Structures are given as C-alpha cells and as structure tokens.
Amino acid sequence: MRHLMSPLDFSVEELEKLLNLADDIGKNPKKYAHTCDDKRLATLFYEPSTRTRLSFEAAMMNLGGKVLGFSSAGSSSASKGESVADTIRVVSCYADICAMRHPKEGAPLVASMASSIPVINAGDGGHQHPTQTLTDLLTIRSLKGRLDNLTIGLCGDLKFGRTVHSLIEALVLRYSNVKFVLISPEELRVPSYIREDILEKNNVEFEEVERLEDALPKLDILYMTRVQKERFFNEEDYVRMKDFYILDKQKMELAKKDMYILHPLPRVNEISTEVDADPRAAYFKQAQYGVYVRMALILTLLEVKLPC
Ligand code: NCD
C-alpha cells in the first residue's frame, strides 16, 4: 500500500504515468465514470480549504465513488482530544482512501503509519502540499508542453507557502534545467532548507529578488501566492506584508507573450481582477487540472484496473 506525503514519493517515470493518466481523464472523462463505483474517500480536514477538499470530493464523485469526512477540527473528535493516529484507525474501517489536511507539519505522516488505507497529504502546515504540486506540474506541462528547460518565478510568501516548497522540490529533483527567480520581501524568503538543501546542493541556477518588475521579462511561468495570514505570529507583520505585490495589467506588459500566470488560490489582492481576462491568466484552468490529477491519483493509489 502506498501513501502520498511528498511529490518525491513518485519517480519521474511514475509522475509521467500519472500526468498522462490525468491528461486522458481530462479528454475522456466518461471512460472513468464508474472506475470507483464501490469505493469511498474520506476527507479529514483539520484546517480550512475550499479547492483542495472540494476537488478531492469532486474527483471521487467523477469516478463514481462516495465521499465522507469533516471540514474543520472543531467538527471532529480532535476537539475531544483524539489523536490523528486513533482517528485514522477508525476511518480505515469506513473508507478505502483518505485525504488529510492538518495545521501541524508531519501530521499526515503520523496518520499514514497507523493507517490501513492510503493516506494523501492534502497540506501539512507550512511544509508540503503534494497534490497542489501535481496540479501545478500538469498545468505547466499542458500549457508549455514540457517540465524541463523553464524559468519559473515564484512570487509572494515563499517562507510559509507550502505549495512553493513542494513545487521547488519536485522541479529540482525530478526535472532538468529549471531556473528559479524567487520574488519576495526579505522577511518572506524561502526557508533555508529549500535554499541550501535543495537549490544550492543541486547546483540550481536561482536568484532572489524583491521587485516583481525586474523578474517579469525573464519568466516562462509566474507562480503567484498569497501571504499566508494564518501562519503569522502577529497581525501587524501580516498587514505590512499583505499588499507587497499586486500583479496588474500594466505589469503584465513587461511579461513575455507566452508567460503563464499560475496561482494555487485563494487569491487575495496579489492579482488584480483585471488580469483575469488576459489569455496568460491560467489560475482557474489550473483548478480544473486539479480535479483531473486527483482523479488520477486516487486511481493510482487504489491500484484500480484502468478501462482500456
Ligand atoms: C493553498 C494551500 O492550502 O496551501 N491552497 C490550495 O490548496 N489551493 C494555497 C493557499 O492557501 O494560499
């Protein structure tokens, strides 16, 4: 039995297979409509989410399966003091696979050790968000036709943004010649474990800059992120940082004609709504890719026999 804790749980060949399956699902959704008819997905969300939880649920429903779960710690037995290990032992009796989001780094890993069903990390604190990375990889591959030889700008809260950490790790360790421009205020730079253990250790070409305008002309992909309010220790720092970047129509004039904008969403102020009409704005399309990739992931982890 396999779990998914990090995008690195998959080799490059396995990633290729998964993304190809997601592609096929996007093109022929009907073919997969009954592949999970007798299966159940549990969504155990100890932290708020719209996209991730609903896209997991939509994914399972699109496969013909059923869903059960909770959407906040307050509505689960965690509020009575139950450990994640005990919760997962119980959930293993009710469902075939589960997706867990938790504010504590490592909680889904602890759950996976006590689980008799596959556990998917749907975001653990400021650490990792592997299914968002699978979504991002599918989006980039679909739009640019490749995952190698790219210059990717990551902008915003690079310190607390778990989607950024997972995406950098996957691109560096699974693909070649990806360059990074890390765009953030000084206080929100990537953590040292990403800078030193991933980027420097693998001799990746990267630069850290503060001004979005300086980076824009070089990029093939711009990955915008929101400032992660819930991970700040005080409100004042958040208020000071929250509108540091606002991508608008005028700034988009500096970008290449084929530079796509991604954002894991939710957006706050970092992308002005006027940019939504730009053909390079790919963040809502990205949300659709997220459903296809989660369908592919559920089929893969459940080892379902695929229709021909
Ligand atoms: C992201 C997350 O939860 O880390 N959202 C998501 O899953 N699409 C990004 C965020 O909350 O800013």
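Residues numbered from 1 in each chain as written. Predicted model: local features only at pLDDT ≥ 70, side-chain atom pairs only at ≥ 80, totals over all residues. Heavy atoms only, no water.

A.B. asks: With reference to specific residues and values, describe unusual backbone geometry.
C.D. replies: Across the junction of leucine 265 and proline 266, the peptide omega takes the value 10 degrees, indicating a cis bond. Inspection of the secondary structure puts proline 266 in the loop between strand S9 (260–262) and helix H11 (283–301). Of note, the phi angle at asparagine 177 is positive, near 55 degrees, even though the residue is not glycine. In this fold, asparagine 177 is placed in the loop between helix H6 (162–174) and strand S6 (178–183). The exposure class of asparagine 177 is partly exposed, given its relative accessible area of 44%. Not every positive phi belongs to a glycine, and leucine 265 is a case in point at roughly 65 degrees. Topologically, leucine 265 is positioned in the loop between S9 and H11. Look at leucine 265 and you get buried, because its relative accessible area is 13%. (Helix = DSSP H or I, 4+ residues; strand = E, 2+ residues; numbered from the N terminus. Buried < 20%, exposed > 50% of the residue type's maximum accessible area, 1.4 Å probe, protein only.)

A.B. asks: For the nonpolar core, give the residues involved together with the corresponding values.
C.D. replies: Grouped together as the largest cluster of nonpolar side chains are 61 residues, with contacts concentrated most on Ile152, Leu154, Ile168, Leu171 and Phe180. When residues of this core are assigned to their parent elements, the largest contribution, 10 residues, is made by H11. Beyond its immediate stretch of four places on either side in the chain, phenylalanine 180 contacts Ile152, Leu154, Ile168, Leu171, Val172, Leu199, Val204, Glu205, Phe206 and Glu207. By size, the runner-up hydrophobic cluster in this structure holds 21 residues, among which are Val181, Ile183, Met224 and Ile261. (Core = buried A, V, L, I, M, F, W, Y, C linked by side-chain atoms within 4.5 Å. Contact = heavy atoms within 4.5 Å.)

A.B. asks: Tell me about a nonpolar patch on the surface, and name the residues and values.
C.D. replies: Side chains of Leu68, Val90 and Tyr94 sit close together on the surface and give an oily, nonpolar patch of about 250 Å² of accessible area. Checked against the element boundaries, tyrosine 94 lands in the loop between helix H3 (84–91) and strand S3 (97–102). (Patch = residues over 30% accessible without salt bridge, like charges linked within 9 Å, V, L, I, M, F, W, Y side chains within 5 Å. Areas by Shrake-Rupley, 256 points an atom, 1.4 Å probe, with all protein chains shown as cover. Salt bridge = Lys/Arg side-chain N within 4 Å of Asp/Glu carboxyl O.)

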